[in-house]
Amino acid sequence: MAATSQKASHSSSDDSVSVHRHVVSDDWRNDDQNMPIKSSSIVSLINPTDSNANASSKGIQILTRAQTSHPLDPLSAAEIKVAVATVRAAGATPEVRDGMRFVEVVLSEPDKTVVALADAYFFPPFQPSLLPRKGGAIIPSKLPPRRARLVVYNKKSNETSIWIVELSEVHATTRGGHHRGKVISSKTIRDVQPPMDAVEYAECEEVVKDYPPFQEAMKKRGIEDMDLVMVDAWCVGYHSEADAPSRRLAKPLIFCRTESDSPMENGYARPVEGIYILVDMQNMVVLEFEDRKLVPLPPADPLRNYTPGHTRGGVDRSDVKTLQIIQPDGPSFRVNGQYVEWQKWNFRIGFTPREGLVIHSVAYVDGSRGRRPIAHRLSFVEMVVPYGDPNDPHYRKNAFDAGEDGLGKNAHSLKKGCDCLGYIKYFDAHFTNFTGGVETIENCVCMHEEDHGILWKHQDWRTGLAEVRRSRRLTVSFICTVANYEYGFYWHFYQDGKIEAEVKLTGILSLGALQPGEVRKYGTTIAPGLYAPVHQHFFVARMDMSVDCKPGEAYNQVVEVNVKVEESGKNNVHNNAFYTEETLLKTESQAMRDCNQLSARHWIIRNTRTVNRTGQLTGYKLVPGSNCLPLARSEAKFLRRAEFLKHNLWVTPYALDENFPGGEFPNQNPRVGEGLASWVKQNRSLEETDIVLWYVFGITHVPRLEDWPVMPVEHIGFMLQPHGFFNCSPAVDVPPGACESDVKDTEHKETVASKSVSNGLIAKL
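These numbers were taken from a predicted model, which means no experiment stands behind them.

Draft legend 1. Examining the overall build of the chain more closely. Broken down by element type, the chain carries nine helices and 35 strands. When each of the 765 residues of the chain is scored for burial, the buried share is 53%. Long-range contacts, defined as pairs at least 24 residues apart, comprise 70% of the intrachain contacts of the chain with a sequence gap of at least 6. Surface summary for the chain: the accessible area is close to 34600 Å², and the carbon and sulfur share equals 50%.

Draft legend 2. Representation of the sheet that holds strand S13 (residues 285–291) in the model. Spatially, three strands are ordered S9-S12-S13 in an open sheet, and the strand pairing comes out antiparallel. Each having just a single partner strand, strand S9 (249–250) and S13 make up the two edges of the open sheet. Two elements, strand S12 (residues 275–280) and S13, share six bridges in a ladder whose sense is antiparallel. Along S13, the bridge assignment pairs Leu278 with Glu288. Most of the contacts of helix H5 (residues 212–220) go to S13, to which it runs at about 30°, and overall it touches S12 and S13.

Draft legend 3. How the structure looks around the sheet that holds strand S25 (residues 512–513). With antiparallel pairing, three strands are arranged side by side in an open sheet as S25-S27-S26. Unpaired on one side and paired on the other, S25 and strand S26 (523–527) mark the two borders of the sheet.

Draft legend 4. Local environment of the nonpolar core. Grouped together as the largest cluster of nonpolar side chains are 83 residues, with contacts concentrated most on Val362, Phe489, Trp491, Phe493, Met543, Leu693 and Phe718. Tallying contributions element by element places strand S18 (residues 371–386) first for this core, with six residues. If sequence neighbours within four positions are ignored, Phe493 has contacts with Trp342, Trp345, Phe347, Ile359, Val362, Arg472, Arg473, Leu474, Lys498 and Ile499. Counting residues in each nonpolar core, the second largest holds 24 residues, with Ile223, Cys235, Val272 and Val286 among its members.

Draft legend 5. Local environment of unusual backbone geometry. Omega for the peptide link from Pro124 to Pro125 comes to 15°, which places this bond in the cis form. For Pro125, the location among the structural elements is in the loop between helix H3 (112–122) and strand S4 (146–154). Cis rather than trans, the peptide bond between Asp392 and Pro393 has omega equal to 5°. Mapping Pro393 onto the fold places it in the loop between S18 and strand S19 (398–400). One non-glycine residue, Met284, lies in the positive phi region at around 55°. Structurally, Met284 can be placed in the loop between S12 and S13. Take Met284: its relative accessible area is 13%, and that puts it in the buried class. One non-glycine residue, Asn443, adopts positive backbone phi at about 55°. Structurally, Asn443 can be placed in strand S21 (residues 438–459).

Draft legend 6. Broad picture of the packing of aromatic side chains. Across all of its chains, the model carries 24 aromatic pairs by this definition. Both rings, one in Phe725 and one in Phe726, keep their centres 5.0 Å apart while their planes meet at 85°; by these two values the pair is edge-to-face. Under the relative-accessibility criterion, Phe725 is labelled buried at 0%. An aromatic cluster is built from Phe351, Phe380, Phe431, Phe478, Tyr485, Tyr487, Phe489, Trp491, Phe539, Tyr695, Phe697 and Phe718, whose rings are joined through pairwise contacts. The ring of Phe725 carries the charged tip of Arg372 above its face, separated from the ring centre by 3.7 Å. In this structure, Lys498 is placed above the aromatic ring of Tyr494, and the distance from its NZ or CZ to the ring centre is 5.1 Å.

Draft legend 7. Inspection of a nonpolar patch on the surface at higher detail. A cluster of nonpolar side chains, Met264, Tyr306 and Val710, forms an exposed patch at the surface whose accessible area comes to about 250 Å². Residue classification places Tyr306 among the partly exposed positions, given a relative accessible area of 34%.

Draft legend 8. Looking closely at the pattern of salt bridges. One pass over the full model with this rule turns up 47 salt bridges. In this structure, Lys344 and Asp733 form a salt bridge, with 2.5 Å as the shortest nitrogen-oxygen distance. Of this pair, Lys344 sits in the loop between strand S15 (339–342) and strand S16 (345–352) while Asp733 sits in the loop between strand S35 (711–722) and helix H9 (740–764); the two residues are 389 residues apart in sequence, bridging distant segments of the chain. Residue Lys344 is classed as partly exposed on the basis of its relative accessible area of 37%. Among the charged side chains, a network of salt bridges with common partners joins Glu290, Arg292, Asp392 and Arg396.

Draft legend 9. A look at the side chain of Asn443. Given the relative accessible area of 18%, Asn443 is considered buried. If we ignore the near neighbours within four places in the chain, the residues touching Asn443 are His412, Ser413, Leu414, Lys415, Tyr426, Phe427 and Asp428.

Draft legend 10. A look at the pairing of S4. Along S4, eight of the nine residues are buried, which leaves the element largely enclosed by surrounding structure. By the bridge criterion, seven bridges tie strand S3 (residues 100–107) to S4 in an arrangement that is antiparallel. Across the sheet, residue Arg101 finds its bridge partner in S4, namely Tyr153. For S4 and strand S5 (residues 159–167), the ladder comprises nine bridges, and the chain directions are antiparallel.

Draft legend 11. Seen up close, the side chain of His535. Its location among the elements puts His535 in strand S28 (residues 535–545). Judged by relative accessible area, His535 falls into the buried class, the value being 3%. For His535, the side chain forms a polar contact with the side chain of Tyr485, separated by 2.9 Å. If sequence neighbours within four positions are ignored, His535 has contacts with Val385, Pro386, Tyr387, Gly388, Tyr485, Ile699, Thr700, His701 and Pro703.

Draft legend 12. Highlighting helix H1 (residues 77–89). In this model, H1 (13 residues) spans 18 Å end to end at C-alpha, consistent with the 18 Å of a helix rising 1.5 Å per residue. Buried within H1 are the following residues: Ala78, Glu79, Ile80, Val82, Ala83, Val84, Thr86 and Val87.

Draft legend 13. Looking closely at helix H4 (residues 198–209). Given a rise of 1.5 Å per residue, twelve residues ought to cover 16 Å, and the 17 Å separating the end C-alpha atoms of H4 matches this to within 8%. Every buried residue of H4 is listed here: Glu200, Cys204, Val208 and Lys209. An end-on view of H4 places all buried positions within 160° of arc, on one side of the element. Contact partners of the buried residues in H4: H5, strand S8 (229–232), strand S10 (253–256) and S12. One side-chain oxygen at the N-terminal end of H4 lies 2.9 Å from the backbone nitrogen of Val199; it belongs to Asp197.

Rules used throughout
Residues numbered from 1 in each chain as written. Predicted model: local features only at pLDDT ≥ 70, side-chain atom pairs only at ≥ 80, totals over all residues. Heavy atoms only, no water. Helix = DSSP H or I, 4+ residues; strand = E, 2+ residues; numbered from the N terminus. Buried < 20%, exposed > 50% of the residue type's maximum accessible area, 1.4 Å probe, protein only. Contact = heavy atoms within 4.5 Å. Areas by Shrake-Rupley, 256 points an atom, 1.4 Å probe, with all protein chains shown as cover. Pairing = 2+ DSSP bridges. Axes fitted to C-alpha atoms, helices over the stretch in contact; angles between N-to-C directions. Core = buried A, V, L, I, M, F, W, Y, C linked by side-chain atoms within 4.5 Å. Phe/Tyr/Trp six-rings, centres within 6.5 Å; stacked < 30°, edge-to-face > 60°. Lys NZ or Arg CZ within 6 Å of the ring centre and 35° of its normal. Patch = residues over 30% accessible without salt bridge, like charges linked within 9 Å, V, L, I, M, F, W, Y side chains within 5 Å. Salt bridge = Lys/Arg side-chain N within 4 Å of Asp/Glu carboxyl O. Polar contact = N/O pair within 3.5 Å; in protein donor to acceptor, adjacent residues only side chain to side chain. Expected span 1.5 Å × (residues − 1). Arc of directions from axis to C-beta.

What follows is the structure, encoded as structure tokens:
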């Protein structure tokens, strides 16, 4: 898996390498970066040539078949290298090339019909019914070339550009210098700042720690060892014209450890307040510095650390027995590359540096009805964490963790620890680093099965006979760290047709320091001199739905359902009646909706032309979990960039370039309401179309002492449930499973029976 985007304006090729080619229709090519390859080209007549020709070049492995990788597979490490080399070679001058920094290189996802062609004839599930041949059209001999999309920041000119590169052939090189890519388009994007990079964060920390006025300020607080100091570079957001994207800016938060020889010490336990710093991240210089207020460093909290036992000055509990997850027959899932099959489910796994885990082409195999699509693409596209303390520096803590940093870029390798248990399938992720090199996060995505309690049960009280089935779910997940917080993102697939999206929040609170005797109303005192401000966490799930829609079909609509209490009268003489009321969301303006627990509000995505056995339209319903809306006033500055937080649900028709609710570049974005809030002003029709759901869900975090020193996991999410999609419960065919308790229970009954017999004989005697 891979991710990083950039831009170029010239083509580059290596004609010295002989490669095998098929004759492909010109319709595959399209030089406009915003236009997908034409759907009409799918049925173009393509004359295959001899496929036995092979070509190679010394030291270069050439992947000559375009269909070696599925159109939705994340970019490989080799493809990322080709894309970066192509863009770098296209730089107009040595100075331009030297200034290039590669923020993101990702797959430029193709038109949905290209995906259908691949799934029909080239890759699993190999279902020609997805794309029937019309009028005797010849099946194409290969797929169109894959493309990479690159976001490039030029450190010398402070410009951001987007490049589209066609990866006609990919070379895995033993030495550098070989690439075969073609620049399709390049464009400079004005008045934006792309996400920050880990390299920039590290450089910013060194610049601040080397700044003499900062060193003097720390000496006033009793700190002379700069190795104890932690500098977290936070994006400035946008509060005034001073934050305009004409400069690349950061306002760091400062923390200080107490022990330089303890790498796992919780340095966030000692925030440094009263120091204001503004850093130019382009030139890596301190622009503004002010020691505004001398706030004493909090004393070292003896409860600050979270490492095992004696290393934190405590004792671990001793009564935890070993719990093993054993699957002697192996897992029930099957994996072919990025393609997964499990319990009638099938889908593809993707990954990007911004979103992290992406689930593509979700479908359910429903007996004689075959493979039934549910969603084309599922992912978490943004998250916002606004803090509720109006004091400096906390009022400006409004992190856009996906758009300003990148969830995927901050993902962990899960090969260490107990993030997943059982029989695990891991997927690696490939990224470009800031200078264009390729980095790999091994075991970045985890997939495994989990026992999930009872699936269903009934016991007949007359006969005493019972049937019970245990539930099993397939879990696909990744975990990322953004500064002090950890976020686990999960997609769970169930045997009864449900899909659950879940976020697990853990990590360390972002704290502030208190003056002796001071109490803040906007937070919770955690330890002497320490408090945790109140804040909220918001997440946005983007769901490109395709309920019962084959490729090329756009037959979905969204209905809101509310439970109503019947008025008193002849229809409710016992005053007990209630019913559901459905409202079709016809346009985008009607589809800006909020959760309502009092009316059990939910939304159903229906296919307008497919019915179940009762004649009702088939559908899937979005069931909200716990949720909230922003508690800030409507004039709050961060809401300029996050208008999408004002509603829990937004619905739009699918559009190629509408992918992120706050726009592609929320960092220092001066434009009000860019993204989702602007798109819906078109008020497009939703009555029968290709539906995209944007579900915004959040949690209000009022910190507790029990959240310190590391926060136990908080859970938040939602569910997609079949609603008239099946003719009956799809879980009724789950077979009974034997377990140890059956054996022990049998042994117990036999023992009891033998005792009762012997007791009866004794009584008779």
